[in-house]
Amino acid sequence: MKMALTNLNREQLCQTATEQKYDLLIIGGGVTGASIALDASSRGMSTILIEKDDFATEASGQLTPLLSEQLYPSRKLWSKAYQEKTIIEQIASPLCWPIDVLESTNKMDPILTSNKTLAQQLIEPLKKSYKPNHYKAISKRSIRNLEPRLNERMIRSVNRYNESYLDQMRLTLSLLKKANQFGGQMINYMKAVRFLYDDQKIINGVEAEDQVTGELYQFKSRKVINATGSRLAKLSQLDSTDLQIKSSLKIKKMIQMRLARANFPLNRGVSFRNQVSGEMVHLVPINEWIYIMTYEPAEWHVIEDGTLSQEELIRLSNLLDQMFTDNDDLERNDLKSYQLTYVVDNDPFQLPNNGIVESTTGLITVIGAPLIFYRYQANRVVDLLMKSFKRQLNILYSKSETRSFRLIGEPADEALNALENHPFYCFTEAEKRYLLHHYGEHIDHVLFYLKQVIQEQAHGALNPLLFAELVYCLENEAIYKPIDFLKRRIKVFLRDQNNIQLQLHGILTYMENQLGWSQEERSYYERECRIWLNDCL
């Protein structure tokens, strides 16, 4: 099989990238940077993307609702949102979970106490008038039938609607892999440390430090884009004409936790407002877990703090106690494996130039759009670049075609049959669900590796499916550290963590042999994995 997005040839990849001048260099390997990389590379622009950590970390590693968090001020934007939702569900169908949701308005909710609350009250009729089937008010009798554990004494009214929750991590990786197919270069663990300037003091590249080896590389480009999400202000400070963009932006803390469905049985999604923060709390049942998602206010000066305070944990636990009955068996310790990151809390469509800002030195800073508009925002950015290249260099590029690019499709019938009747491996129902969602049409690649490792008995003491996934991810999804594999490949949240603990030695040994780690590197990566797995447990 052809190698694609991989770190097996990392040293050669980095060296080759210094030997050419790209049309576009993107800093930031989240969904914003990845979508711009795909749009630009698919139009013919030579593109390189660097990310200081692993791809799809921070906000782009989360499970996210497509519509329910949004406050669009016009019918036109709502219409566009529904169009984009349809496109996403078509081009990345395995990554979308359709969920039936009950959204509760509570008796103690603040009324008109903030601009956001006022905006939500004004926008709600627009939602209903545009798409009558999207929001439906339901009676208390219906509530008892649909979700009997909801505490009726807390509820003022309930709306029911259909939502899609999207796995942003897999979406980001799919975007990067697609951009790679169009010739884009993607390098993780590469941190921009200094901008490069031409004689006119215009940025024409970056100097970056390899976070694995410590080596410095210089990458040249005609344009540089800052797509680093909540870190965009910090990166802009490297520019000699720092935009002080932070002063016009707000920040908030995004929290995701999980709860075993056996301990907290829930029939469908439930959303309600946190009466302290004013933010929505979403409970989403997927397979054996309830995912809990919410936000907390934050300040720029604490953005490095990646912890959830005891006060915030207690507040979240108390909210669940208030909103649901029959919680006698629920303990605070049942709330597991939180993922905490920071996001910019501004709608780019309400900012000047839709959140696309260019400094006098040419650095283009892009405020990430709501997830539903990731493709639309990337289209706007690359259209601006296209006009600039045409004006300055008389170069013409094609229009965007990303709405027709299938990022990840449903698996072929042959792969589905192989899951049911594999000659060498008996899949559990949980493994089937996991593979269908996680790999979609690429299941056949994983099954190819599975057959190969079993026939060659190459897996040793490792579970053969786990080993097949490891080989696939090394050769196709640019993992370098074992924690990359655990966090964004194996979906340890949906698997048996104790089993992973037992097989960590085999994972480390194989990766050490393939990537040529030193003994010190192996020891460091093992310690990093064990700490993370212990936190998950």
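Peer 1: Quick one: what's the story with helix α9 (residues 374–393), residue by residue and with numbers?
Peer 2: Over its 20 residues, α9 extends 28 Å from the first C-alpha to the last, a length consistent with the 28 Å expected when each residue adds 1.5 Å. Tyr374, Arg375, Gln377, Ala378, Asn379, Val381, Val382, Leu385, Met386, Ser388 and Phe389 are the residues of α9 that are buried. Positive backbone phi, at 60°, marks Asn394, one or two positions downstream of α9.

Peer 1: Describe in detail the side chain of Ser388, supporting the description with residues and values.
Peer 2: With respect to the helices and strands, Ser388 occurs in helix α9. Given the relative accessible area of 6%, Ser388 is considered buried. Excluding residues that lie within four positions of it along the chain, Ser388 makes contacts with Lys223 and Leu393.

Peer 1: Could you give an account of helix α12 (residues 443–456), with specific residues and numbers?
Peer 2: Taking 1.5 Å of rise per residue, the 14 residues of α12 would be expected to cover 20 Å, and the 20 Å separating its terminal C-alpha atoms lies within 8% of that figure. Packing partners of the buried residues in α12 comprise α10 (413–420), α11 (429–439) and α13 (464–476). Looking at the residues trailing α12, positive phi occurs at Gln457, about 50°.

Peer 1: Now, about the nonpolar core: what can you tell me, with residues and values included?
Peer 2: Inside soluble globular proteins, nonpolar side chains tend to come together where they are buried. Judged by nonpolar contacts, the single largest core of 55 residues is most densely connected at Ile36, Leu171, Ile225 and Tyr374. Leu171 has contacts with Val31, Ala92, Leu95, Leu166, Leu371, Tyr374 and Leu407, leaving out every residue within four places of it along the chain. In this structure, Tyr189, Leu447, Cys473 and Met511 belong to the second largest nonpolar core, which totals 43 residues.

Peer 1: For the environment of Pro265, give the residues involved together with the corresponding values.
Peer 2: By the element assignment, Pro265 lies in the loop between β11 (251–260) and β12 (269–273). Judged by relative accessible area, Pro265 falls into the partly exposed class, the value being 43%. Each C-alpha atom, one on Pro265 and one on Pro285, is 8.7 Å from the other, the two residues being 20 residues apart in sequence.

Peer 1: An account of the packing of aromatic side chains is requested, with residue identities and associated values reported.
Peer 2: Going through the model one piece at a time under the given rule, you end up with 15 aromatic pairs. Taking the centre distance of 6.5 Å and the plane angle of 85° together, the rings of Tyr480 and Tyr525 count as edge-to-face. Here Tyr480, found in the loop between α13 and α14 (482–489), pairs with Tyr525, found in helix α16 (residues 519–536); they are 45 residues apart in sequence, far enough to count as distant. What links up through ring pairs into an aromatic cluster is the set Tyr434, Tyr439, Phe448, Tyr449 and Tyr472. Positioned above the aromatic ring of Tyr480 is the side chain of Arg10, whose terminal nitrogen or guanidinium carbon lies 6.0 Å from the ring centre. Cation over ring: Lys252 sits above Tyr295, and NZ or CZ is 3.9 Å from the ring centre.

Cut-offs applied
Residues numbered from 1 in each chain as written. Predicted model: local features only at pLDDT ≥ 70, side-chain atom pairs only at ≥ 80, totals over all residues. Heavy atoms only, no water. Helix = DSSP H or I, 4+ residues; strand = E, 2+ residues; numbered from the N terminus. Expected span 1.5 Å × (residues − 1). Buried < 20%, exposed > 50% of the residue type's maximum accessible area, 1.4 Å probe, protein only. Contact = heavy atoms within 4.5 Å. Core = buried A, V, L, I, M, F, W, Y, C linked by side-chain atoms within 4.5 Å. Phe/Tyr/Trp six-rings, centres within 6.5 Å; stacked < 30°, edge-to-face > 60°. Lys NZ or Arg CZ within 6 Å of the ring centre and 35° of its normal.

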